[in-house]
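# Survey of secondary and tertiary structure
If you want the building blocks of each chain, they are given just below.
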Amino acid sequence: MQELSQEWFELKDHRRRLFSRAVWIPVYGTIFPAKRGEYPEIGHVQETLAVGSAVIFEGKRAKAEELDWHCWSLNNTTPYLNDDGRYCEASTFYEEPGGSLGFRLVLSQYHNSLHPRQVIIHQDFLLAYGLIQEGNVWVRPSEGYEQVVRRTEDENGEIRFVEIRAEYLKDYLAARKAALRLYYYRERQAILNSNPGFTWAEDNSLVDEPHYRCMVRCDEIDSSGDFPGASWAFFKAWRTDVDPEVDVPDFSIEDEDSTATESRTGIRDGEGRRYRVTGEMWRGEWIEPAEKPCRIMGEEPHEFLSVTIDGGGGKVDLETLNHEEVGKYLWFRPEVVNALLLQRGGVLNWYTHDTGGVSASPDWLVHFGVNGLGLLNAYAYDIARRPLWERRIWAAHNCRPDGGVSGELLKAQMECAPAGSKSPEYLFHYALRWLDDIFQEKFGASLFSEHHEVQALSARIHRFRAVDENGLRALAKDVVKLSIERINKKSLIDALGEKKSESATLKLLQRLLAKHTSEKYAYTRMTPLFGLYDLRGTDAHLASSDVDECYSRLGVDRKVPTVLQAADLLTSVAEAFGITGTELKTHA
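Residues numbered from 1 in each chain as written. Predicted model: local features only at pLDDT ≥ 70, side-chain atom pairs only at ≥ 80, totals over all residues. Heavy atoms only, no water.

Along the backbone of the chain there are 18 helices and 26 strands. Taking 2.2 N^0.38 as the reference for a compact globule, 588 residues should give roughly 25 Å; the C-alpha atoms of the chain span a radius of gyration of 37 Å, well beyond that estimate. C-alpha atoms of the chain, sized along the principal axes, occupy 120 × 65 × 60 Å. Taken across its 588 residues, the chain has 46% of its residues classed as buried. Once local pairs closer than 6 in sequence are excluded, the contacts in the chain between residues at least 24 apart make up 66%. Carbon and sulfur atoms make up 48% of the accessible area of the chain, which amounts to about 30100 Å² in all. Counting 70 positive and 91 negative side-chain charges, the chain places the averaged centre of each group 8 Å from the other. (Helix = DSSP H or I, 4+ residues; strand = E, 2+ residues; numbered from the N terminus. Rg over C-alpha atoms; globule rule 2.2 N^0.38 Å. Buried < 20%, exposed > 50% of the residue type's maximum accessible area, 1.4 Å probe, protein only. Contact = heavy atoms within 4.5 Å. Areas by Shrake-Rupley, 256 points an atom, 1.4 Å probe, with all protein chains shown as cover. Lys, Arg positive; Asp, Glu negative; His and termini not counted. Charge placed at Lys NZ, Arg CZ, Asp CG, Glu CD.)

Listed below in structure tokens is the structure:
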């Protein structure tokens, strides 16, 4: 909490700030940004912000500016019939003969003390931007689940404050041909044990303008919170003709014979004197609409995003490539896939060994290819027509052309002859399922144990994890977790016809394969898996020569980019498990 200086009470920081320049604009409620102690205890400090607002139609501003603070504060908003019997909807703001001035974006209704106040966001705003509620926020799935509306609850779960992201609010105002009138009150108050001696004008006024006032004061109070020496009055009146024996009492007559009164007055003793220092501000502010609505009807604001389209480093605005006959490809660093998958709803699918689909949202994938340097290629038009928020991600990872366009992508998109190959990612998961199915068929038990992390681990098994050496080793660890560490030792012991064994699971799997083929063949087939298993501890245990040996046993070419090394790793592991399954099916 800030120092309780004269400037703090004068609200100089808030007087400099306007909500029209803020990222989030409050439209409803009262909150206490800072609070300490209880009034009127010495040391009590409290800040208050109370907001009222309404959307005001064009041509109605002058009338709206005539309204004082009480018209903007929000209590119950309920439908009603006006004097001529015309029905006014709950959201209607200030109905008059010429029609309403506008409408509320937030509706409020109180029932009784058993229920918290109901606070409702105007449905038209929610539908205009396709928002869905998640707890105390409303997000827009079509823009990467960006938060558009947020609300604040108190400790009892009652909604106290609602804010809207300015970009969307101003866009909506432009579409409705309106502006938002915002009226708010700020207060800072503290109880001090002595007079701070601030130098303020005698009339306590700092600002006194239409729709903008700021006042400060320092008052001496007592322990009750009242002014020392303040007078008080007590008055009591009661009936003297109460007869409990009367079956139907009638108290309609009221005169001196049937009533009595008592009154007392006094002066407060002023014990526990202290000082209440207060700064208050009332301000009316217009939140202007955007120049034009850009998000209603699926439109977007223009944003210059430069991308490189040729080897000479020439750059163009990505939006200029948004036509089907553009005839150009773009190159991207492999990190773009991880950035897209970090978004909620991000998805990665594989079509062939080096082509697939990727997107930050689940319903519309970009067809991409991986070239010989591990870079991604995508048709420029496919990127240019993505939503703006996703184009930003692609543009941030764009790089100069190098290594040519992925051969498999060109065959699919330009020759209409998709490759018949399978990706290492697909083969890895297929091999595990294949081996498990064969094991169950031959030995009546599952080879791999179920685990709650299987789905999450599976989503992380892809070559783009390996954008550097650390990523390659992290991928290797997850492959071990999803495969080797899930092998059921008891199932292997039973398949070998033994009662117990001190051997680890990989050794048992090797012995099972050797039993149905040969020792030499089983050793050769299991070598990549032992290399993978040893690699999982490289961060802490293995020397560089041992690391190279692990990769060698895995059949990984260390001279190529790490993304391609990851593809080699997955291919080798897939072959080890897949061929083991085939051999058991044939010979067991």
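On we go from here.
Turning our attention to the sheet that holds strand β25 (residues 376-379). Across the sheet, which stays open at both edges, the six strands sit in the order β22-β23-β24-β25-β21-β26 with antiparallel pairing between neighbours. Lying at the two open borders of the sheet, with one neighbouring strand each, are β22 (347-350) and β26 (398-399). (Pairing = 2+ DSSP bridges.)

Examined against the element boundaries, Trp 331 turns out to sit in strand β21 (residues 329-332). The sequence separation of Trp 331 and Glu 96 amounts to 235 residues, and the corresponding C-alpha distance is 61 Å. Apart from the residues lying within four places of it in its own chain, the contact partners of Trp 331 are Asn 371, Leu 375, Leu 376, Asn 377, His 397, Asn 398, Cys 399, Arg 400, Pro 401, Asp 402, Gly 404 and Val 405. Of the polar contacts made by the side chain of Trp 331, one reaches the backbone oxygen of Asp 402; its length is 3.2 Å. (Polar contact = N/O pair within 3.5 Å; in protein donor to acceptor, adjacent residues only side chain to side chain.)

Taking 1.5 Å of rise per residue, 14 residues should cover 20 Å, and helix α13 (residues 469-482) covers 20 Å from first to last C-alpha, within 8% of that figure. Taken as a whole, α13 has its buried residues at Gly 471, Leu 472, Arg 473, Leu 475, Ala 476, Asp 478, Val 479, Val 480 and Leu 482. Looking at the buried side of α13, the elements it contacts are α11 (424-443), α12 (454-460), α16 (519-535), α17 (544-554) and α18 (562-587). For α13, the N-terminal capping position is held by Asp 468, with its side-chain oxygen 3.3 Å away from the main-chain nitrogen of Asn 470. (Expected span 1.5 Å × (residues − 1).)

So, about the nonpolar core. If you look at the biggest cluster of nonpolar residues, it comprises 48 residues, and the most contacted ones within it are Phe 428, Val 479, Leu 532, Leu 569, Val 573 and Phe 577. Elements supplying a minimum of two residues to this core: α11, α13, α14 (489-495), α15 (505-516), α16, α17 and α18. Ignoring any residue separated from it by four or fewer positions in sequence, one finds Leu 532 in contact with Ala 476, Val 479, Val 480, Ile 484, Leu 554, Leu 569 and Val 573. Listed in part, the 39 residues of the second largest apolar core include Leu 376, Ala 380, Leu 388 and Phe 464. (Core = buried A, V, L, I, M, F, W, Y, C linked by side-chain atoms within 4.5 Å.)

Further remarks concern the packing of aromatic side chains. Per the counting criterion, the structure on display carries 21 aromatic pairs. The interplanar angle of 50 degrees and the centroid separation of 5.8 Å between the aromatic rings of Phe 9 and Phe 198 together place this pair among those described as tilted. Pair noted here: Phe 9 is in helix α1 (residues 6-9) and Phe 198 is in the loop between β13 (178-192) and β14 (205-209), with a separation of 189 residues, a long-range link. According to the relative accessible area criterion, Phe 198 is partly exposed, its value standing at 22%. A centroid spacing of 5.1 Å and a plane angle of 80 degrees characterise the contact between Phe 125 and Tyr 172, whose relative ring orientation is edge-to-face. (Phe/Tyr/Trp six-rings, centres within 6.5 Å; stacked < 30°, edge-to-face > 60°.)

As a further point, take a nonpolar patch on the surface. A cluster of nonpolar side chains, namely Tyr 426, Leu 427 and Tyr 430, defines an oily patch on the protein surface of about 260 Å² accessible area. In this fold, Tyr 430 is placed in helix α11. Owing to a relative accessible area of 40%, Tyr 430 belongs among the partly exposed residues under this scheme. (Patch = residues over 30% accessible without salt bridge, like charges linked within 9 Å, V, L, I, M, F, W, Y side chains within 5 Å. Salt bridge = Lys/Arg side-chain N within 4 Å of Asp/Glu carboxyl O.)

A few words now on the pattern of salt bridges. Counted by the stated rule, this structure contains 38 salt bridges. Put simply, Glu 280 and Arg 217 hold a salt bridge, and the shortest N to O gap is 2.9 Å. With a gap of 63 residues between them, Glu 280 in strand β18 (residues 274-287) and Arg 217 in strand β15 (residues 212-221) connect regions that are remote in the sequence. For Arg 217, a relative accessible area of 25% corresponds to the partly exposed category. Of the charged contacts, one joins Arg 465 and Asp 478 as a salt bridge, the two residues approaching to 2.9 Å between their closest N and O atoms. In this pair, Arg 465 sits in the loop between α12 and α13 while Asp 478 sits in helix α13, placing the two residues 13 residues apart along the sequence. Residues Arg 465 and Asp 478 agree in their burial class; the two are buried. Taken together, the salt bridges that share partners define one network made up of Arg 140, Glu 143, Glu 167 and Arg 295.

Okay, the pairing of strand β5 (residues 92-96) next. The side chains of a regular strand alternate between the sheet's two faces. With four bridges connecting them, β5 and strand β6 (residues 99-103) associate as antiparallel partners. Within the sheet, the bridge partner assigned to Glu 96 lies in β6 and is Gly 99. What sits between the antiparallel neighbours β5 and β6 is a turn of two residues.

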